[in-house]
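# Architecture and fold: a report
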Number of protein chains: 4
Amino acid sequence: MARDPARVETFSDGIFAVVLTVMAVELLQYGPARVGGRELPEALVDAWPAYLAYVITFAIAGQVWLGHHNIWRYVVRVDQMLLVFNLLLLLFVAAIPFTADLLADNLRGSAAEQRLTAALYLGTVLGEAVCFNLIWWCARRHRLLHPDLDPQLTRAIARRLLLRPLLYLVAFAFVFVHPVLSLFLYLVLVVLYLIRGPGTLPSAATTAEDRSAA
Amino acid sequence: MARDPARVETFSDGIFAVVLTVMAVELLQYGPARVGGRELPEALVDAWPAYLAYVITFAIAGQVWLGHHNIWRYVVRVDQMLLVFNLLLLLFVAAIPFTADLLADNLRGSAAEQRLTAALYLGTVLGEAVCFNLIWWCARRHRLLHPDLDPQLTRAIARRLLLRPLLYLVAFAFVFVHPVLSLFLYLVLVVLYLIRGPGTLPSAATTAEDRSAA
Amino acid sequence: MARDPARVETFSDGIFAVVLTVMAVELLQYGPARVGGRELPEALVDAWPAYLAYVITFAIAGQVWLGHHNIWRYVVRVDQMLLVFNLLLLLFVAAIPFTADLLADNLRGSAAEQRLTAALYLGTVLGEAVCFNLIWWCARRHRLLHPDLDPQLTRAIARRLLLRPLLYLVAFAFVFVHPVLSLFLYLVLVVLYLIRGPGTLPSAATTAEDRSAA
Amino acid sequence: MARDPARVETFSDGIFAVVLTVMAVELLQYGPARVGGRELPEALVDAWPAYLAYVITFAIAGQVWLGHHNIWRYVVRVDQMLLVFNLLLLLFVAAIPFTADLLADNLRGSAAEQRLTAALYLGTVLGEAVCFNLIWWCARRHRLLHPDLDPQLTRAIARRLLLRPLLYLVAFAFVFVHPVLSLFLYLVLVVLYLIRGPGTLPSAATTAEDRSAA
């Protein structure tokens, strides 16, 4: 009667799916029927922060989904604490559209507004990185991982997951220097991760290793 | 051709996922583009009932999901009546964002408004607790549970599930004393459940037992 | 490499889940923050058509989901035509919230408005019943059903599925007598189905038979 | 510990489900409660672009889902690059409701507006067709397909997938002649595909072959 974590993944994927499409729903308000007397091309061009928020949300939530996919494929059992940590992660995931929307809108705002929204945004991302660490820590400690998983690999993943919030904290600190620089640093980290970077980022390299071995 | 209840779980998880992200969609209306002439930090701070509703919805729907997860992993077959009870549960689940939104908004309203919204909210939660009992009763009576499930465990779960609406009724009664006290009592019950409380709450202890046995 | 129809069910369930929660999102606009200067209890009571639309949507979409669940558990393979018929069914399912909303709102409208919205509503439901017949016809003709399925049972399901749109057509015809009578007839049919009626309705009896046999 | 691509499908299906129902949510704003002083039948008739956008979105997203279903059933493993290409496809899928809404609304606009929205729409569809090619190319090159898959079939699918964006480009070019003609050409391609056309369109014929062989 032990349940494999498939249901946790289905449930989490439902939330990721809604988060990824929420911004597309938001885009609908820029349809011509609601534009009034203005010219359509001008109205569409003026809505650029909405498109940017859409792409940012997709990039970030997509990346978190990849990380979730990479970690959960090693989990073979679940307990109450792991589920609570996973819910906490999803709480931060569901907040991505809100913070991405604020962020994109304020790129044309004042420096103080840019700083506030960049801080909110990086705070959300930092919260996700912390939750990933809690999930992995709990899965290791409560022996919920696949028994054949190489302990060395387990530790390597833990180290890489730990590195991530530290890198985000550095990017976060640059908010006080310049908000756009801070976001730029963060986007560099995301792109490095998506194109399977120099190995300092979690799970990408791991996945490659264990799949070539399989 | 007997179908395992996996599809019921997928379907229910889809509803839970939408419910958990509905409030995040609501948050989007507080984005700066819609704020008008006001200062952004002030506008964001003023929107605190929306954040509160978001967190409350997440905590409650997340907890109901955990309970659903715990009960359904023992169910190996489904029949029409069980599916109808499950749909009834989901009807109450889908109403959580509405009542949580009313509740959070009215914490700064009059005492009469607070009483009304707290009553609506606890009524929804009570309805869920009753549906859980109906599901478990139906699953036992129609022999839809796993055949190897210990009858003693089955009865223990039934007792614990029965305790829950009774505790909620007590919390509900305090609405007539003071609405915020009533909600506070309710939140204590939720937190006790989430951190695997003193064993008086359903399924947490059960899960621990049967997993250490597995 | 033949794929079982699990993915079709997951996909359909996602749509059912969104449809069931759409009305809950609509309810949010009746939250007190948007009510303005009116009293909260009065505003909530005045919103009754929204609650009714919510419950109607849940009852109908829930019932269609039950029917979908009952039919698809006999399907073991899929082909292009079956998938297209299933998409057509989902097109009608996704329209339920719109027609239910129109319907509930117009119960306090003029007789002509009631007739129009009842006709739209029953038209949607009729479309669903027709799609169910197309799906079953296609699954039988293209040999996509479980090979051990009793041909007599297959024919019985086909007969019952055929009966349904006929009954709906009768209910539909009463729109020209009185719209509310027409809806009442329809609701009687739904309730009969949900409580496992006198055997004239599809799949309920079938399911019972084949489960007691299993 | 190798994970089959089931989770990728569940996740993608969640996004397809939301995309398919987004337009139904949009329809709700045409409910009579929001119509004001106008007559209901007139208001409903005037909302025809919304219905058209709903049906277009359903047809296109449904067709993309069919293509996704057809390709992914041959994939037995996933890697980072395949997941990123799949996310890119989903980025275009989630944009369908926005472009379909713009398109339907502008069918009564000026020729310049029609050209702009038709171009946006066909651009989205073209992006999807390119992503399908990237997914198939990556799956072949990284040996993620089922090992028993006939290499001849693999190449045939690749050729057909390549044909599709070319046909869309031709339809796209006609935007500069007449936007409605361009869309008409595109719709002919879609219908040909849905009714399992003359074999020049991807996966329909393939699916038939490999299923009769199975």
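Comment text from UniProt for chain A, heading Sequence similarities (unreviewed entry), reads "Belongs to the TMEM175 family."

Attention now goes to the relation of the copies chain B and chain C. One chain copy maps onto the other through a rotation about an axis and a shift parallel to that axis. You can overlay chain B on chain C at an RMSD of 0.0 Å; the transform is a turn of 90° with a shift of 0.0 Å along its axis. Such values leave the two copies arranged in the relation of a four-fold axis. Rotation axis and chain B: the residue whose C-alpha lies nearest the axis is glycine 14 of chain B, separated from it by 4.0 Å. In this assembly, only 8% of the residues forming the interface of chain B have copies in chain C that are likewise at the interface, indicating a heterologous arrangement.

At the interface, 36 residues of chain D touch 40 residues of chain A. Across the chain D to chain A interface the summed buried area is about 3,500 Å²; carbon plus sulfur atoms make up 68%. Arginine 7 of chain D serves as the salt-bridge partner of aspartate 13 of chain A, at 2.7 Å between the closest nitrogen and oxygen. Viewed at the interface, chain A and chain D are joined by four residue pairs in polar contact (both at pLDDT 80 or more). Contributions of two or more residues to the side of chain D that touches chain A are made by α1 (6-27), α4 (80-94), α5 (96-106) and α6 (111-141) of chain D. Counted by class, the side of chain D that touches chain A contains 22 nonpolar, six polar and eight charged residues.

With that settled, consider helix α1 (residues 6-27) of chain B. All names here are of chain B. Compared with an ideal rise of 1.5 Å per residue, which puts 22 residues at 32 Å, α1 spans 33 Å between its outermost C-alpha atoms and is within 8% of the ideal. The sharpest bend along α1 measures roughly 30° and falls at threonine 21. Counting buried positions over the 22 residues of α1 gives 19, a clear majority of the element.

This paragraph deals with the interface of chain B and chain C. Tallying the contact residues gives 36 residues for chain B and 40 residues for chain C. The junction of chain B with chain C conceals about 3,500 Å² of combined surface from both sides, 68% of it contributed by carbon and sulfur atoms. One can count one salt bridge joining chain B with chain C. Between chain B and chain C we count four residue pairs in polar contact (both at pLDDT 80 or more) in total. When contributions to the side of chain B that touches chain C are tallied by element, the ones reaching two or more residues are α1, α4 (80-94), α5 (96-106) and α6 (111-141) of chain B. When residues of the side of chain B that touches chain C are assigned to their parent elements, the largest contribution, eleven residues, is made by α1 of chain B. The class makeup of the residues in the side of chain B that touches chain C is 22 nonpolar, six polar and eight charged.

Definitions and limits used
Residues numbered from 1 in each chain as written. Chains lettered and ligands numbered in written order. Predicted model: local features only at pLDDT ≥ 70, side-chain atom pairs only at ≥ 80, totals over all residues. Heavy atoms only, no water. UniProt positions renumbered as here; feature names shortened; annotations may be inferred. Least-squares fit on C-alpha atoms with pLDDT ≥ 70 in both. Contact = heavy atoms within 4.5 Å. Buried area = accessible area lost by both parts, 1.4 Å probe. Salt bridge = Lys/Arg side-chain N within 4 Å of Asp/Glu carboxyl O. Polar contact = N/O pair within 3.5 Å; in protein donor to acceptor, adjacent residues only side chain to side chain. Helix = DSSP H or I, 4+ residues; strand = E, 2+ residues; numbered from the N terminus. Nonpolar A, V, L, I, M, F, W, Y, C, P; charged D, E, K, R; others polar. Expected span 1.5 Å × (residues − 1). Bend = angle between axes of the 7 residues up to and from the residue. Buried < 20%, exposed > 50% of the residue type's maximum accessible area, 1.4 Å probe, protein only.

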